[in-house]
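Here is what each chain is made of, one letter per residue.
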Amino acid sequence: GARPPGAPLLQAVGRNSTSMSSPFSHADAVLLRLAQRLLGRTGPGLSLLRLFSAHPDEITLDELSAAVSVLPLGISRAEVQVLFEHLRDGCPVTSFDQLGFALESALGAGLPTEAAGLDRVDLPRLAAALQRLGPPGKVGRSSPQQFRVTLMQAEPYMTRSQLEWLISLTDKDGEGGLLPWSL
């Protein structure tokens with residue numbers, strides 16, 4: 001199942017993991033975060049993105065970048081480029097059908113089994129450290145470096161792989177700042 005918007009992603013680790021035939025990539029994490037925001041139980045769906053599109057059946061890289069700049073969609077403009085590279089091999093236009101299918105697939109797949117190692121992370125200690133970066137309801141943003149240091153201080157035995165997973169699964173603003181409360 002999908003987590004509702006605003007629900008911590010780490011609560012789903014272990015319970016919502018699925019086996020995937022291909023390795024889970026950064027693009028998959030971007031798709032999952034975007035799908036949770038748009039297609040989750042209270043999400044607005046793709047109709048919200050259509051407001052930014054000049055054409056009713058497709059959206060361009062620039063149009064989706066504009067949307068993530070002004071809407072809390074959980075991905076950065078740089079991640080929009082990763083998404084288009086993944087979906088369209090860098091082509092700057094994608095159909096809403098293709099985007100919708102990719103988002104639904106990501107939402108259905110949930111977290112991959114590779115994320116199961118995160119269930120060994122001390123979540124209360126991690127949550128307390130992340131709250132110092134920006135509590136829920138606040139507009140707390142963190143640079144990737146500050147976020148990484150905070151995670152390493154809270155969990156000194158965290159592996160590089162676990163650290164990268166946490167960073168890739170954390171929502172970002174349009175500028176690429178991490179939103180610690182989303183994890």
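Just above, that's the structure.
The text that follows walks through the structure, step by step, so that each part is easy to find.

Regarding helix α8 (residues 160-169)
1) Next: Of all 10 residues that make up α8, 7 are buried, and the element is covered over most of its length.
2) Next: Along α8, the positions that sit buried rather than exposed are Gln-162, Leu-163, Trp-165, Leu-166, Ile-167, Ser-168 and Leu-169.

Quick word on the nonpolar core
1) Next: Residues Leu-49, Leu-64, Leu-83, Leu-99 and Leu-103 are the most contacted members of the largest nonpolar core, which totals 24 residues.
2) Next: Mapped onto this core, the elements with two or more residues apiece are α1 (26-39), α3 (61-70), α4 (77-88) and α5 (96-109).
3) Next: Apart from the residues within four sequence positions on either side, Leu-49 is in contact with Leu-38, Ile-59, Leu-64, Ala-67, Leu-73, Phe-96 and Leu-99.
4) Next: Counting 19 residues, the second largest nonpolar core, distinct from the first, contains Leu-32, Ala-129, Phe-147 and Trp-165.

Brief notes about the environment of Asp-173
1) Next: With respect to the secondary-structure elements, Asp-173 resides in the segment after α8.
2) Next: A relative accessible area of 12% places Asp-173 in the buried class.
3) Next: When the C-alpha atoms of Asp-173 and Pro-72 are compared, they prove to be 6.9 Å apart, with 101 residues separating the residues in sequence.
4) Next: The contacts of Asp-173, once residues within four sequence positions are left out, are Ile-75, Ser-76, Arg-141 and Leu-179.

Quick look at α1
1) Next: If you check α1, its first and last C-alpha atoms are 19 Å apart, about what 14 residues at 1.5 Å a residue would give, namely 20 Å.
2) Next: Of all 14 residues in α1, 12 are buried, a share of seventy percent or more.

Conventions we followed
Residues numbered from 1 in each chain as written. Predicted model: local features only at pLDDT ≥ 70, side-chain atom pairs only at ≥ 80, totals over all residues. Heavy atoms only, no water. Buried < 20%, exposed > 50% of the residue type's maximum accessible area, 1.4 Å probe, protein only. Helix = DSSP H or I, 4+ residues; strand = E, 2+ residues; numbered from the N terminus. Core = buried A, V, L, I, M, F, W, Y, C linked by side-chain atoms within 4.5 Å. Contact = heavy atoms within 4.5 Å. Expected span 1.5 Å × (residues − 1).

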